[in-house]
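Survey of secondary and tertiary structure
Read off the chains here:
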Amino acid sequence: MEPITRGRVRIEPTARRVRAFLGGKAVADTTRALLVWEVPYYPTYYFPREDIAVELKPSGQTRRSPSRGEAVLYDVEGVADAALAYPDSPIEELRDHVRLEWEAMDAWFEEDEEVYVHARSPYTRVDILPSSRHVRVEVDGVTVADSRSPRILFETGLPPRYYLPKTDIRLDLLAPTDTVTRCPYKGTAEYWSVNGQADLAWSYRTPLEESRRIAGLISFYNEKVDIYVDGVLQERPKSKFS
């Protein structure tokens, strides 16, 4: 199957083995998943119906999508509305496939690596490059970081992020918060407030393998602080984190 686009929906196959676990067992296991971009930012897995390993019980609920048609919702292993299908979709490729709700599952795997937050996009790339550029971070006019050994993370669709050694950061101005986020490409992040402003900085203590170069380093939201690179103040980018 070649990648196809139907209106705003893009569909393409993936050769990766994809599994979803619920209640300690694989409720879906396939090497024939479809990646379906229901939104522009990332795809969702759709499983061939025959690769669903448990009974799908119609919940009596439906949901309509302007592009995909009328969805039938199913209960999965006692979890309400944990799956849906579009048996009469105007997009023929979806009719015999099932989407499992991400948050309803206990765990997701591509091959034997766990995947977090959402399916990975094959078009998102993360490059982490060591640099000797001079990076200085100010919050409300106060310098909170000054480094000549940043690692710069370039991720598709996002501004570059400057990850700095803790020894180059005024840790006395940082206070840990309870916020935790997860990224399918980098792993689990912990956060700090800076000068009383919540969650301006974060770090991946044990990132995923592809992002291990930023382990233990701290980055700041370009959108919310002033960052100088080689003495030049960087424009605050507009993004979903602004």
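In short, a report on the structure. (Residues numbered from 1 in each chain as written. Predicted model: local features only at pLDDT ≥ 70, side-chain atom pairs only at ≥ 80, totals over all residues. Heavy atoms only, no water.)

Quick look at the packing of aromatic side chains now. Between two aromatic rings, the relevant description is the distance of the centres plus the angle of the planes. What the rule picks out here adds up to 9 aromatic pairs. Chaining the aromatic ring pairs together yields one cluster made of Tyr45, Phe47, Trp102 and Trp108. Against the face of Tyr221 rests Lys224, its NZ or CZ located 4.8 Å from the ring centre. (Phe/Tyr/Trp six-rings, centres within 6.5 Å; stacked < 30°, edge-to-face > 60°. Lys NZ or Arg CZ within 6 Å of the ring centre and 35° of its normal.)

With respect to the helices and strands, Glu101 occurs in the loop between β10 (97-100) and β11 (107-110). One polar contact links Glu101 to Arg99, side chain to side chain, over a distance of 2.8 Å. Every residue in contact with Glu101, bar those within four places of it in the chain, is listed here: Arg63, Asp81, Ala82, Ala83, Leu84 and Trp108. (Helix = DSSP H or I, 4+ residues; strand = E, 2+ residues; numbered from the N terminus. Polar contact = N/O pair within 3.5 Å; in protein donor to acceptor, adjacent residues only side chain to side chain. Contact = heavy atoms within 4.5 Å.)

The next point concerns the nonpolar core. With 25 residues, the main nonpolar core has Tyr45, Phe47 and Leu100 as its most contacted residues. Of all the secondary-structure elements, those providing two or more residues to this core are β3 (18-22), β4 (25-30), β5 (34-37), β6 (44-48), β8 (69-76), β9 (79-85) and β10. Apart from residues no more than four positions distant in its own chain, Leu100 is found in contact with Ala20, Val27, Ala28, Phe47, Ile52, Val76, Ala82, Ala83, Met105 and Trp108. Grouped together as the second largest cluster of nonpolar side chains are 20 residues, Val137, Ile152, Ala201 and Val225 included. (Core = buried A, V, L, I, M, F, W, Y, C linked by side-chain atoms within 4.5 Å. Buried < 20%, exposed > 50% of the residue type's maximum accessible area, 1.4 Å probe, protein only.)

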